[in-house]
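Residue-level structural notes
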Amino acid sequence: MNKNGILVLLLAAQVFPQTALRGDISENSFPVEGNPYIVEEDIFISEGKITEIDAGCIFLFTPFTGLTVEGDFLINGTP
């Protein structure tokens, strides 16, 4: 990769921050400003807990990761 390609990758990493997720995400809310949310390890919502995701959020799952929901999962989507 040439120097220009490396510069573009570095700039993209700064312009597009990301939020890493793993483990218990119960009782959290996820605003679009945290995009993209990178699921690095399995995530879960515990029984009796609520997690809310705003419209426009992007969750990217790395290979062999997943989501287990035992509580409430509220997704504020748009039609």
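A short tour of the structure in this document, coming up.

The rules behind these values
Residues numbered from 1 in each chain as written. Predicted model: local features only at pLDDT ≥ 70, side-chain atom pairs only at ≥ 80, totals over all residues. Heavy atoms only, no water. Patch = residues over 30% accessible without salt bridge, like charges linked within 9 Å, V, L, I, M, F, W, Y side chains within 5 Å. Areas by Shrake-Rupley, 256 points an atom, 1.4 Å probe, with all protein chains shown as cover. Salt bridge = Lys/Arg side-chain N within 4 Å of Asp/Glu carboxyl O. Helix = DSSP H or I, 4+ residues; strand = E, 2+ residues; numbered from the N terminus.

1. Some points on a nonpolar patch on the surface
Among the surface-exposed residues, F61, L67 and V69 lie close enough to one another that they form a single nonpolar patch of about 230 Å² accessible area. Topologically, L67 is positioned in strand β6 (residues 67–69).

2. Digging into unusual backbone geometry
Geometrically, the link from N35 to P36 is a cis peptide bond, its omega value of -20° lying close to zero. As for its placement among the helices and strands, P36 is situated in the loop between β2 (29–30) and β3 (37–45). With a phi close to 60°, E27 is a non-glycine residue in the positive phi region. Along the chain, E27 turns up in the loop between β1 (19–24) and β2. Even without being a glycine, F64 presents a positive backbone phi close to 65°. Relative to the assigned elements, F64 resides in the loop between β5 (59–61) and β6.

Shape is all these values report; function is a separate question.
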